[in-house]
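Residue-level listing of the chains:
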Amino acid sequence: MSCKPTLKLVLAALALSVAGGALASTPLKPEEMIKFRKASYNFMAWNMGKIKGSLEGNFNKDEVAKAAAAIATVANSGLGALYAPGTDRDVGGEKTRLKSEFFQEPEKVREIAVNFNTQANEMAKIAATGDAKAIGAQFGKLGESCKACHDRYRVK
Ligand code: HEC
């Protein structure tokens, strides 16, 4: 009978979703926020590197499109949740370079973050077209939007 493995799969999926639900409702510790945001930025930097490599070497449309989609997904994932007040200090063995100014000028943070999201989503859209010239131009704008935040809120 083939229903047994199917049932097992369904049960496994249920167990996973229950565990996932529990995970989502557990508040993150400050050190987890720092760890996850650094991981997110490193993951985006890896994908930015792939796009850059493609623009400078043999252009690979699929790799660029996948990298841009990955960056947009991270940008759209709600990174703001990883910035609770107090996470501008090292905690629980996690080091942070976040400047305290981040919590003192929410309007400016919002402007910078919204621009970053806009540029990341635009990058994914343009990357899907495979137009290397347009991709190069948008890559510059996206990079500028990363830098705008670093210049203001990341310790050198
Ligand atoms: C809204 C602000 C903001 C945006 C946008 C942003 N960053 Fe950052 N980035 C930070 C902050 C703040 C840190 C320091 C995080 C910490 O140490 O807690 C950081 C850290 C990093 C790090 C170092 C991570 C580590 O392990 O210390 C890399 C790499 C990085 N960013 C790359 C990027 C790239 C690439 C982009 C754009 C695709 C980007 N960032 C967009 C704010 C931003």
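Just so it is clear, the model here is predicted, and its values are computed rather than measured.

Attention shifts here to the packing of aromatic side chains. The full count for this structure, using the stated rule, is four aromatic pairs. The interplanar angle of 75° and the centroid separation of 5.3 Å between the aromatic rings of Phe102 and Phe103 together place this pair among those described as edge-to-face. Assessed through its relative accessible area of 13%, Phe102 is described here as buried. With a centroid separation of 5.5 Å and an interplanar angle of 80°, the aromatic rings of Phe102 and Tyr153 are classed as edge-to-face. Of the two residues, Phe102 sits in the loop between helix H3 (61–75) and helix H4 (106–127) while Tyr153 sits in helix H5 (residues 132–153), which places them 51 residues apart along the sequence.

This part covers the site of the ligand. Inspection of the region around the ligand gives 17 residues, with Thr96, Arg97, Cys146, Cys149 and His150 positioned closest. The contact in question runs from an oxygen atom of the ligand to an N or O atom on the side chain of Asn42, over 2.8 Å. Of the pockets mapped on this structure, the ligand occupies the largest pocket. Within the residue set of the shell around the ligand, elements represented by two or more residues are helix H2 (30–56) and H5. Counting residues per element, the shell around the ligand draws most heavily on H2, at seven residues.

Once that is clear, we can look at the environment of Met123. Following the sequence through the fold, Met123 ends up in helix H4. A relative accessible area of 1% means that Met123 is categorised as buried. Sequence separation of Met123 and Phe139 is 16 residues, and the distance between their C-alpha atoms is 6.8 Å. Here Met123 is in contact with Ile51, Ala68, Ile135, Gln138, Phe139 and Leu142, once residues within four sequence places are set aside.

Turning our eyes to something else, we now look at the coordination of the iron atom of the ligand. The protein gives the iron atom of the ligand a lone donor atom, His150 (NE2), placed 2.0 Å from the metal. Within the secondary structure, His150 is located in helix H5.

Take the pattern of salt bridges next. The full count for this structure, using the stated rule, is eight salt bridges. Glu94 is the salt-bridge partner of Lys38, the closest N and O atoms lying 3.4 Å from each other. Residue Lys38 is located in helix H2, and its partner Glu94 is located in the loop between H3 and H4; the two are separated by 56 residues in the primary sequence. The partner of Glu122 in a salt bridge is Lys125, with the nearest N and O atoms 3.6 Å apart. Within this pair, Glu122 and its partner Lys125 are both found in helix H4, separated by three residues, close to a single helical turn.

Okay, the layout of surface pockets next. Roughly 860 Å³ of internal volume is contained in the largest pocket. Arg37, Tyr41, Tyr83, Cys149 and His150 are the residues nearest the centre of the largest pocket, which is lined by 31 residues in total. Those elements that place two or more of their residues in the lining of the largest pocket are H2, H3, H4 and H5. Per-element accounting of the lining of the largest pocket gives the leading share, seven residues, to H2. For the lining of the largest pocket, the class distribution of residues is 17 nonpolar, nine polar and five charged.

Attention shifts here to H2. Between the first and last C-alpha of H2 there are 39 Å, a value that for 27 residues agrees with the 39 Å anticipated at 1.5 Å per step. Listing the buried residues of H2 in full gives Met33, Ile34, Arg37, Ser40, Met44, Asn47, Met48, Ile51 and Ser54. Where the residues of H2 are buried, they touch H3, H4 and H5.

Analysis parameters
- Position numbers for residues start from 1 in each chain and track the written sequence from start to end.
- Whole-chain, interface and lining totals are the exception, using all residues; otherwise, since this is a predicted model, local features are given only for residues with pLDDT of at least 70 and side-chain atom pairs are given and counted only at 80 or more.
- With hydrogens and water excluded, all non-hydrogen atoms of the structure serve as input to the side-chain values.
- Each pair of aromatic rings taken from Phe, Tyr and Trp, with Trp reduced to its six-membered ring, is defined by centres within 6.5 Å and is described as stacked if the planes are under 30 degrees apart, edge-to-face if over 60, and tilted in the remaining cases.
- Relative accessibility decides the category of a residue: with a 1.4 Å probe and only protein chains considered, values under 20% of the type maximum give buried, values over 50% give exposed, and everything between is partly exposed.
- Secondary structure follows DSSP: runs of H or I at least 4 residues long count as helices, runs of E at least 2 residues long count as strands, and numbering of each begins at the N terminus.
- One heavy atom within 4 Å of a molecule or strand is enough for the residue carrying it to be called near that molecule or strand.
- In protein, a polar contact requires one atom able to donate a hydrogen and another able to accept it; more generally it is a pair of N or O atoms within 3.5 Å, and residues adjacent in sequence count only if both atoms are side-chain atoms.
- Only protein atoms enter the 1 Å grid used here. Points where a 1.4 Å probe fits but cannot escape make up a cavity, open sets with protein on both sides within 12 Å along at least five of seven lines make up a pocket, and a residue lines them when an atom lies within 4 Å of a point.
- Think of it this way: if more than half of a molecule's atoms are within 2 Å of a pocket's grid points, that molecule is in the pocket or cavity.
- In this description, contact between two residues means that some pair of their heavy atoms is separated by no more than 4.5 Å.
- Only nitrogen, oxygen and sulfur atoms qualify as donors, and only when within 2.8 Å of the metal (3.2 Å in the case of Na, K and Ca); with water excluded, sites may look incomplete.
- Take a side-chain nitrogen of Lys or Arg and a carboxyl oxygen of Asp or Glu: if they are within 4 Å of each other, that pair is a salt bridge.
- Grid points are joined across faces, edges and corners, and a volume is the space filled by probe spheres set on the points.
- Residues are grouped as follows: Ala, Val, Leu, Ile, Met, Phe, Trp, Tyr, Cys and Pro are nonpolar; Asp, Glu, Lys and Arg are charged; all remaining types, including Gly, are polar.
- By this rule, a helix spans an expected 1.5 Å times one less than how many residues it contains.

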